[in-house]
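Take a look at the letters that make up each chain.
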Amino acid sequence: MPQLAIDATCLPQYDKLDKPTRERLLAATRKFRELSLDALLAHPDLRIRSLPKGQDPRIRTFRISDSWTGVMLAPESGETFLLVHLLPRDTAEDWATDQRHDVNPVMGTLERRDATALGQAAERAPAHAAGPAARAAPVPTGSPGAPARAPGPARTAPAAPSGAGATAPAAAPPAAPAAPPLFDHVSDHDLQRLGIDPEIRDFCRTLTTARELHDWAPALPQDQFEVLRALADGHSVQRVRDEVVVPRRPVVGAVAADDYDTAIRHTRERVIVVNDNQEIEDVLAGEFNAWRVFLHPKQRDLAYRPRFNGPAKVSGGPGTGKTVVALHRVKYLAEHLPLGGRVLLTSFTNALVESLKRNLALLIPPELVEDVDVVTTDKLALDVVKEVHPDIRLRTDTRGVFANYARQHRLPWPVDFLFSEYRHVITARGITTLEGYLDPDARAGRTTPLNADQRRRVWHAVSSVRAMMRTSRKLPAEDLHAEAARILSERAELPYTNVVVDEAQDLHPAQWRTLRAAVPPGPNDLFIAGDNRQRIYDNTVSFKQLGIEIVGRSYPLRVNYRTTEQILTWADGILRGQPVLELGDSAAIEPGGSTRCVLSGPPPELYGAPDEPTELDALAERVRGWLAEGIEPADICVTARTNKLRDSVAAHLRARALPAAIFNPREHSVTDTAHAVRVTTMHGVKGLEFRAIAVFAATADALPQTDHLTDPALDENQRRAELDAQRSLLYVACTRARERLYVSWHGAPSPFLPL
Ligand SMILES: Nc1ncnc2c1ncn2[C@@H]1O[C@H](COP(=O)(O)OP(=O)(O)OP(=O)(O)O)[C@@H](O)[C@H]1O
């Protein structure tokens, strides 16, 4: 029975079809699964045709309706049809005639190229074959900057990448003598090792700028374009091999040049093989979640790698798919659990855990879900401690209790100092004795020196507060974790086979100790996903000191799937000039700009209002405008720094007859009606995404909030960490936007804004 596969690049075209045409397409695609090959080819309605002058003898067109045509790759070997494109009838044949599919000789993926355009380019520049010495660069005409591989009715011949009816390409202008060939530094041998075939090798020798390469993207084989793009970005041959080529290579053996069937199944980044009629409908209608199926080869390699020899870390900017990789890793681990094994998937807040639970249920069947605990790290610690001390509870008012104690005992420091020593020195560094606290290195990095007497005084005070908390059977998270780690370290059998941590940047060292203690050290023990740019709590962590040895197993992701380039570039400005360190490490993080965005759109809108009522009015108009554009209310989120501001924004929008509801991230629910614009705090949007985000009141006195900042005279480093966390909070809020970002303030703007 024939199989159907769908090239994901044709999916946006589905949105352009009217309802009857969609139904006809669905009926047609079902036939590809249901009829025998002979019956299909002879089917009177489908009118499957080969193209007399086609570059690719396997390409066929079929009739969807009087105005729409489907293009597909028909099997020669094997039985898999690949739906390649949906086009208006009058342009389909031209487009299909120009295209050719090949199996990449190194990566084994199925790639498509505009063979006509590349052939014409070769004729214009016969010197290509001469290798690096060739200088005649063909320059495609037509609008530059057409999105790479953008599906659409336009012919993608580079002679006119985005205009139908292109004629012969313009004659190549003489190349400027100053511009050296773009790939002069890469030998033919290296290009070949990277999967560049002879035609593309000769072609790329003619290019002199990255811009030219990008303009040609729609005509180039997709994976070879990725290789060339990475080389043009300045990456070494070895790095391109490791990051682009190796993850795409088939795990077992090579794919033969004529084995299209295997190549189609192997091209998992672009192609989905559909298994039943419902799946066809879901895929075409966009009802399925792309992340469940399409992983970037780098993501797939990390998620499905059989063995990491110890803890592994996946980092990367916002929207690079770290959570997606973590979820797929859980899938892999759950599928390969030994008898009686369990996987822990954990994160910092209840809201994040709820969202992980929901998404995991979409990815793995219920029988596997049963082998996975999805809980916050605090809940894990509480459960471990409760097994021994059933009456213990988690305390959430720790800061206040320490402050009261400091006041009552008239300690000679600001009231928050005691808590800060407890949280950022004693429990963060795992100090358990007065002697340890008196060690000269115990407080390294703290800017307020404490002599031995002062340390004794602090230690005594902290011990008294802790004793009171123990008596009340209500422990703060830091002490709860210390107890959990101790209990686990004495157990012969640990609760987990593997631990996967998402949004790892916000965990306190005491929480890491629990996680470390919950899984036996060894292969695949800890899989950690996080991004220090998004650290919104002032915890600093050194994995090495915590016994989590990552060296050599740290992997950055560099493709952003969520946010448009315009929004991310602007948001990166919030962190510009701020040294951000790698998660759990002391190395500086890659600067903003090393991430590539898949999406493009309008720049963020910024508005500085004279006063708050004017800012509220403008916000209401902005939201109204988005709704008028057709953005669903639930795809819009307004975020503000505090609960009070959030409530006032929601009330104001409602007073303006706009549907607005307070969003509760913990329950992932909204007040009143689901059909409403979400209004929440900046902390509340962490881990989420929306088509449109409005950041309200990014004013100097709200961002940063100074109420709880450490006095710089007391500890400059601590204060800087607290400010960085608030800066990151703004960064996180802005990078939740997929397509639209609006940021407003009144009076003086926040100093964090890149204005
Ligand atoms: N390979 C992929 N193909 C298509 N979409 C993807 C892919 N990987 C991730 N996405 C989508 O990109 C968005 C961001 O992914 P995800 O939340 O995993 O990123 P993240 O790195 O964890 O983000 P953040 O750190 O900002 O919370 C999601 O909508 C996800 O579905």
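Sequence order sets the numbering: in each chain, residues are counted from 1 along the sequence as written. For this predicted model, a pLDDT threshold of at least 70 governs which residues receive local features, and a threshold of 80 or more governs which side-chain atom pairs are given and counted, while totals over whole chains, interfaces and linings are taken from all residues.

As annotated in an unreviewed UniProt entry, the chain is DNA 3'-5' helicase from Streptomonospora nanhaiensis.

Can you walk me through the sheet that holds strand E1 (residues 3–7) in this structure?
Pairing between sheet strands relies on hydrogen bonds along the backbone, with the strands arranged either parallel or antiparallel. We treat two strands as partners when DSSP finds at least two bridges between them. A helix here means a DSSP run of H or I that spans at least four residues, while a strand means a run of E at least two residues long, and both kinds are numbered starting from the N terminus. The mixed open sheet is built from six strands, whose spatial order is E2-E3-E4-E5-E1-E8. Each edge of the sheet is formed by a strand with only one pairing partner; in this case those strands are strand E2 (49–50) and strand E8 (271–274). Note that E1 and E8 share four bridges and pair antiparallel. For Ile 6, the partnering residue across the bridge sits in E8 and is Ile 272. The contact criterion used here is simple: two residues whose C-beta atoms, placed from the backbone, lie within 7 Å are in contact. Axis angles are defined between N-to-C directions and span 0 to 180 degrees, where every axis is a line fitted to C-alpha atoms and, for a helix, only to the segment in contact. Together, E1, strand E3 (59–63), strand E4 (68–73) and strand E5 (80–88) form the strand contacts of helix H2 (residues 19–34), whose direction differs from that of E1 by roughly 135°.

Hey, could you run me through the site of the ligand in this one?
The rule is simple: place the C-beta atom from the backbone, and if it lies within 6 Å of a molecule or strand, the residue is near it. Contacts to the ligand come from 21 residues, most closely from Trp 291, Pro 318, Gly 321, Thr 323 and Tyr 561. For the shell around the ligand, the secondary-structure elements that each account for two or more residues are helix H13 (290–293), helix H15 (322–335) and strand E17 (559–564). Top element by residues in the shell around the ligand is H15. It accounts for three residues. Partitioned by chemical class, the residues of the shell around the ligand number seven nonpolar, 10 polar and four charged. Shared between two domains, the shell around the ligand holds at least three residues of each, these being domain 2 (287–390 + 480–575) and domain 4 (604–746). Gly counts as polar in this scheme, as do all residues outside two lists: the nonpolar Ala, Val, Leu, Ile, Met, Phe, Trp, Tyr, Cys and Pro, and the charged Asp, Glu, Lys and Arg. Reported domain spans reflect what an automatic or database domain assignment gives.

Please explain the UniProt feature "binding site: ATP" (unreviewed entry) in the chain as it appears in this structure.
UniProt positions are given in the numbering used here, feature names are shortened, and annotations may be inferred rather than shown by experiment. Per the UniProt annotation, the sites labelled "binding site: ATP" (unreviewed entry) are Gly 316, Gly 317, Pro 318, Gly 319, Thr 320, Gly 321, Lys 322 and Thr 323. In this structure, Gly 316 sits in strand E9 (residues 312–316). Gly 316 has contacts with Lys 322, Asp 531, Pro 556, Leu 557 and Arg 558, leaving out every residue within four places of it along the chain. Here Thr 320 shows up in the loop between E9 and H15. Accessibility expressed as a C-beta count within 10 Å gives 27 for Thr 320, which makes it buried. When residues no more than four places from it in sequence are discounted, the contact partners of Thr 320 are Leu 557, Arg 558, Val 559, Asn 560 and Thr 595. Counting other C-beta atoms within 10 Å of a residue's C-beta gives its exposure: the residue is buried at 20 or more, exposed at 12 or fewer, and partly exposed in between, where C-beta atoms are placed from the backbone.

Just checking my understanding: could you explain the domain arrangement of the chain for this structure?
In many analyses, interface size is given as the accessible surface area lost on bringing the parts together. We note that the domain assignment places domain 1 (3–105 + 258–283), domain 2 (287–390 + 480–575), domain 3 (396–475) and domain 4 (604–746) within the chain. The straight-line distance from the C-alpha centre of domain 2 to that of domain 3 is 30 Å. With seven residues of domain 2 at the interface, the matching set in domain 3 holds four residues. Among the secondary structure elements, those contributing two or more residues to the side of domain 2 that touches domain 3 are helix H23 (477–489) and helix H24 (509–518).

Sorry if this is basic, but what is going on with the packing of helix H20 (residues 417–426) against helix H22 (residues 452–471) here?
Each packed pair of helices is defined by two parameters, the angle between the axes and the distance between the axes. Contact geometry of H20 with H22 gives a least axis separation of 10 Å together with a crossing angle of 90°. Here H20 lies roughly perpendicular to H22, going by the angle between them. For the pair H20 and H22, contact is made by Leu 418, Glu 421, Tyr 422 and Ile 426 and by Val 458, Ala 461 and Val 462, respectively. Its residues assigned to classes, the contact of H20 with H22 comprises six nonpolar, no polar and one charged. Reported orientations rely on four angle classes, namely roughly parallel under 35 degrees, roughly antiparallel over 145, roughly perpendicular from 65 to 115, and oblique for the rest.

Please clarify how helix H26 (residues 612–629) should be interpreted in this entry.
Residue pairs spaced three or four apart in an α-helix point in one direction, given the helix's 3.6 residues per turn. Helix span, as expected, comes to 1.5 Å for every residue beyond the first. Between its first and last C-alpha atoms H26 spans 26 Å; for 18 residues at 1.5 Å apiece the expected length is 26 Å, and the two agree. Buried residues of H26: Glu 615, Leu 616, Leu 619, Ala 620, Arg 622, Val 623 and Trp 626, and no others. Looking down the long axis of H26, one finds its buried residues gathered within 160° of arc, a one-sided arrangement. Structural note: H26 exposes Pro 613, Ala 628 and Glu 629 on the side pointing more than 90 degrees away from its buried face. Looking at the buried side of H26, the elements it contacts are strand E19 (605–609), strand E20 (636–640), helix H27 (643–655), strand E23 (677–681), strand E24 (690–695) and strand E25 (737–746). The directions from the helix axis to the C-beta atoms form the arc being described.

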